[in-house]
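Observations on the three-dimensional arrangement
Take a look at the letters that make up each chain.
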Amino acid sequence: RHIPEVSKKELQSMVEKTAKKYEVNIRELVYALPVKTNLEDKRIKLYEKIWKEHTGKYPKHTISHGASDAHYFQEYGIPVLLAQPKGGEHHTEHEWVDKKGLETYYNALKKWVGEVAR
């Protein structure tokens, strides 16, 4: 995984240089292009509007370095929106989600999908 501002070639060069320095063999197993969503896309703007209707505030945008299947959609020109309800301790045995937040999230997504699918 890498940021969109760094090309695969640049990343490979950095990794190969470091691997050579420490006498480590490397092998690429999986690669996917980084995803960058156009926040001006009309479908994203619609999501923001609907989210505000349900919560009273616009969603916060952030840069995520996590893995997802977003790149598969991006390859077909489909903008990707990664969102989640309030929760914590992801990927642990103590992972949790706020019940009220999950309901709000569900209702906002249901409305958004219904409007986008028209």
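Per chain, the residues get numbers from 1 upward, laid out in the order the sequence is written. The predicted nature of this model means local features are confined to residues of pLDDT at least 70 and side-chain atom pairs, given and counted, to a pLDDT of 80 or more, with totals for whole chains, interfaces and linings taken over all residues. The side-chain values count all of the structure's non-hydrogen atoms but skip hydrogen atoms and water molecules.

1. Topic: the overall build of the protein
- Helix and strand counts for the protein come out as 4 helices and 2 strands.
- Put simply, DSSP H or I for four residues or longer makes a helix, DSSP E for two residues or longer makes a strand, and each gets a number counted from the N terminus. Secondary structure elements of the protein occur, N-terminal to C-terminal, as α-α-α-β-β-α.
- Its C-alpha atoms give the protein a radius of gyration of 18 Å, clearly above 13 Å, the size a compact globule of 118 residues would have.
- Structurally, the protein occupies a C-alpha span of about 55 × 35 × 20 Å along its principal axes.
- Pairs at least 24 residues apart make up 55% of the contacts formed inside the protein by residues separated by at least 6 positions.
- Asp and Glu are treated as the negative residues and Lys and Arg as the positive ones, with His and the ends of the chain left uncounted. Throughout, a charge is located at the NZ atom of Lys, the CZ atom of Arg, the CG atom of Asp or the CD atom of Glu. Charged side chains in the protein number 21 positive and 17 negative. The centres of these two groups are separated by 4 Å. The size measure is the radius of gyration over C-alpha atoms, and the globule rule it meets is 2.2 Å times the number of residues to the 0.38 power. Note on definitions: a residue-residue contact is assigned when non-hydrogen atoms from the two residues lie within 4.5 Å.

2. What to know about the pattern of salt bridges
- By definition, a salt bridge exists where a carboxyl oxygen of Asp or Glu is found within 4 Å of a side-chain nitrogen of Lys or Arg. Scanning all chains against the criterion turns up 8 salt bridges.
- Linking Lys36 and Glu5 is a salt bridge whose minimum nitrogen-to-oxygen distance equals 3.2 Å. Pair noted here: Lys36 is in the loop between helix H1 (8-21) and helix H2 (42-55) and Glu5 is in the segment before H1, with a separation of 31 residues, a long-range link. In this pair, the class of Lys36 matches that of Glu5, namely exposed.
- With a closest N to O distance of 2.9 Å, Arg43 and Asp41 form a salt bridge.
- Given the relative accessible area of 14%, Asp41 is considered buried.
- Here the salt bridges do not stand alone but share partners, grouping Lys49, Glu53, Lys111 and Glu115 into one network. Burial classes follow relative accessibility: with a 1.4 Å probe on protein chains only, a residue under 20% of its type's maximum area counts as buried, one over 50% as exposed, and anything between as partly exposed.

3. Looking at the environment of Ala32
- Topologically, Ala32 is positioned in the loop between H1 and H2.
- A relative accessible area of 27% places Ala32 in the partly exposed class.
- Along the backbone, Ala32 and Pro85 are 53 residues apart, and their C-alpha atoms lie at a distance of 26 Å.

4. Concerning the side chain of Asp41
- Looking at the element boundaries, Asp41 is found in the loop between H1 and H2.
- A distance of 2.8 Å separates a polar side-chain atom of Asp41 from the backbone nitrogen of Arg43. Counting of polar contacts relies on pairs of N or O atoms within 3.5 Å, with two restrictions inside protein: one atom must be capable of donating a hydrogen and the other of accepting it, and residues adjacent in sequence are counted only when both atoms are side-chain atoms.

5. A short note on H1
- Helix span, as expected, comes to 1.5 Å for every residue beyond the first. The first and last C-alpha atoms of H1 sit 20 Å apart over 14 residues, in line with the 20 Å expected at 1.5 Å per residue.
- Taken from the residues just after H1, Glu23 is the one with a positive phi, measuring 55 degrees.

6. A few points about the confidence of the model for the protein
- The quantity called pLDDT is the predictor's confidence in a given residue, expressed from 0 to 100. Chain-level statistics for the protein give a pLDDT mean of 90 and a share of 99% at 70 or above.
- Ranking the helices and strands of the protein by mean pLDDT puts strand S2 (residues 96-97) first, with 97, and helix H3 (residues 70-74) last, with 88.

7. With respect to the layout of surface pockets
- The way it works is a 1 Å grid over only the protein atoms, where trapped points that fit a 1.4 Å probe form a cavity and open points with protein on both sides within 12 Å along at least five of seven lines form a pocket, and then any residue with an atom within 4 Å of a point lines it. Grid points are joined across faces, edges and corners, and a volume is the space filled by probe spheres set on the points. Estimated volume of the second largest pocket: approximately 190 Å³.
- Forming the walls of the second largest pocket are 13 residues, and the residues nearest its centre are Phe73, Ile78, Pro79, Val80 and Leu81.
- Sorting the residues of the lining of the second largest pocket by element identifies H2, H3 and helix H4 (99-116) as the ones contributing at least two each.
- Polar here means any residue outside two lists: the nonpolar Ala, Val, Leu, Ile, Met, Phe, Trp, Tyr, Cys and Pro, and the charged Asp, Glu, Lys and Arg; Gly therefore counts as polar. Grouping the constituent residues of the lining of the second largest pocket by class yields 10 nonpolar, 1 polar and 2 charged.

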